[in-house]
Amino acid sequence: VAAAADAINVTSTSGPEMINANGVATGTAGSAIVSNTSGGRTITVGTAGNVTGGTQAINLLGSGTAVVINRGIIGAASTGLAINAVTATAPVMVTNAAGATLYGRVALGTGADLLANSGTINTSGVNDLGLGIDSLSNAGTLNTSAPTTFLGLESFTNTGTTNLSSGLFSVPASTTFANSGTINAKNGATTITSLAPVANSGTLNLQDGATGDVLTITNNYVGSGSATLNIDASGARADKLVATGAS
């Protein structure tokens, strides 16, 4: 489905909505999918699904709860807006399944929102999870291609692989920042800003075959269990981990 404005637009006053996208949906100057309801809705992008839009890929209007399950592709660029749910007052739960790819940012509302990734997320710029107690759980691959911020995110948990670009990776409202997987920071100077201490029982990897990478953590660093730091070293030069809080 291709349209000049919105490809799929479903509106109900308060009834539930179920939207399945199993093919290509493109809203050239709008959204691939628009859902508007004060009731609950479930949006599923199938394995052959590919949803993109000129403004955002998925636009969730109204105050109803939302479940978004992606098994295909949502969005087209890491800087674009993948999911827009800024009017939502109920929880928005996004599952990016194994084998799926989500390109872009999210803008969510005032509910207790959850972003659970077992596939691949490519994002950069400002993600805004809004008010509420919000969580991002990465068990897959999270890639940032430029400085990236997650506003309004209270809990960041990485059990998979997070690949950070140079520059800033910021979670300014965090109460939990936990890594038991791998965080790669091997693109020069990278800074993790977190309101919560960075708790690491996994791997911080700065190795890329050359010295000079610096990972700065602007809060306490707490290593435990199998915490590992991988660096390159040559003569008097080495990659560095800098924690400006306690460690």
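Let's talk about the overall build of the protein
Argument step 1. Secondary structure summary: the protein contains zero helices and 32 strands in total.
Argument step 2. Here the C-alpha radius of gyration of the protein, 19 Å, is about what a compact globule of 247 residues would show, namely 18 Å.
Argument step 3. In terms of principal-axis extent, the alpha carbons of the protein reach across some 65 × 30 × 25 Å.
Argument step 4. By the burial criterion, 46% of the 247 residues in the protein qualify as buried.
Argument step 5. In the protein, 44% of the contacts between residues at least 6 apart in sequence involve partners at least 24 apart.
Argument step 6. When the accessible surface of the protein is split by element, carbon and sulfur atoms take 56% of a total near 9500 Å².
Argument step 7. Both charge centroids of the protein, one from 6 positive and one from 10 negative side chains, sit 5 Å from each other.

Quick word on the side chain of N219
Argument step 1. The topology assignment puts N219 in the loop between β27 (214-217) and β28 (221-223).
Argument step 2. Non-local contacts of N219, meaning those with residues more than four positions away in its chain, are made with S194, L195, A196, P197, A243, T244, G245 and A246.

Some words on the sheet that holds strand β3 (residues 17-21)
Argument step 1. Pairing is parallel in the open sheet, where 10 strands are placed in the order β3-β6-β9-β12-β15-β17-β19-β22-β25-β28. Looking at strand neighbours, the two that pair on one side only are β3 and β28, the edges of this open sheet. Across the sheet, the axes of successive neighbouring strands diverge by a mean angle of 10 degrees, strand direction being ignored.
Argument step 2. In the sheet, strand β6 (residues 41-45) pairs with strand β9 (residues 66-70) via five bridges, with the strands oriented parallel. By the bridge assignment for β9, R41 is matched with A66.

A word on the pairing of strand β15 (residues 114-117)
Argument step 1. Taking every second residue as pointing to the same face, the buried face of β15 carries L115 and N117, while none of L114 and A116 on the other face is buried.
Argument step 2. Of the strand pairs in this sheet, β15 and strand β17 (residues 135-138) are connected by four bridges, and their pairing is parallel. Across the sheet, residue L114 finds its bridge partner in β17, namely S135.

Quick word on the packing of aromatic side chains
Centre distance and the angle of the planes are the two values used to describe a pair of aromatic rings.
Argument step 1. Counted under the stated rule, the structure contains four aromatic pairs.
Argument step 2. Residues F156 and F169 carry aromatic rings whose centres are separated by 5.6 Å and whose planes lie at 65 degrees to one another, so their mutual orientation is edge-to-face. Of the two residues, F156 sits in strand β19 (residues 155-158) while F169 sits in strand β21 (residues 167-171), which places them 13 residues apart along the sequence.
Argument step 3. An angle of 40 degrees between the planes, with centres 4.8 Å apart, marks the rings of F156 and F177 as tilted. Taken as a pair, F156 in strand β19 and F177 in strand β22 (residues 176-179) lie far apart in primary sequence, 21 residues in all.

Scoring rules and cut-offs
Residues numbered from 1 in each chain as written. Predicted model: local features only at pLDDT ≥ 70, side-chain atom pairs only at ≥ 80, totals over all residues. Heavy atoms only, no water. Helix = DSSP H or I, 4+ residues; strand = E, 2+ residues; numbered from the N terminus. Rg over C-alpha atoms; globule rule 2.2 N^0.38 Å. Buried < 20%, exposed > 50% of the residue type's maximum accessible area, 1.4 Å probe, protein only. Contact = heavy atoms within 4.5 Å. Areas by Shrake-Rupley, 256 points an atom, 1.4 Å probe, with all protein chains shown as cover. Lys, Arg positive; Asp, Glu negative; His and termini not counted. Charge placed at Lys NZ, Arg CZ, Asp CG, Glu CD. Pairing = 2+ DSSP bridges. Axes fitted to C-alpha atoms, helices over the stretch in contact; angles between N-to-C directions. Phe/Tyr/Trp six-rings, centres within 6.5 Å; stacked < 30°, edge-to-face > 60°.

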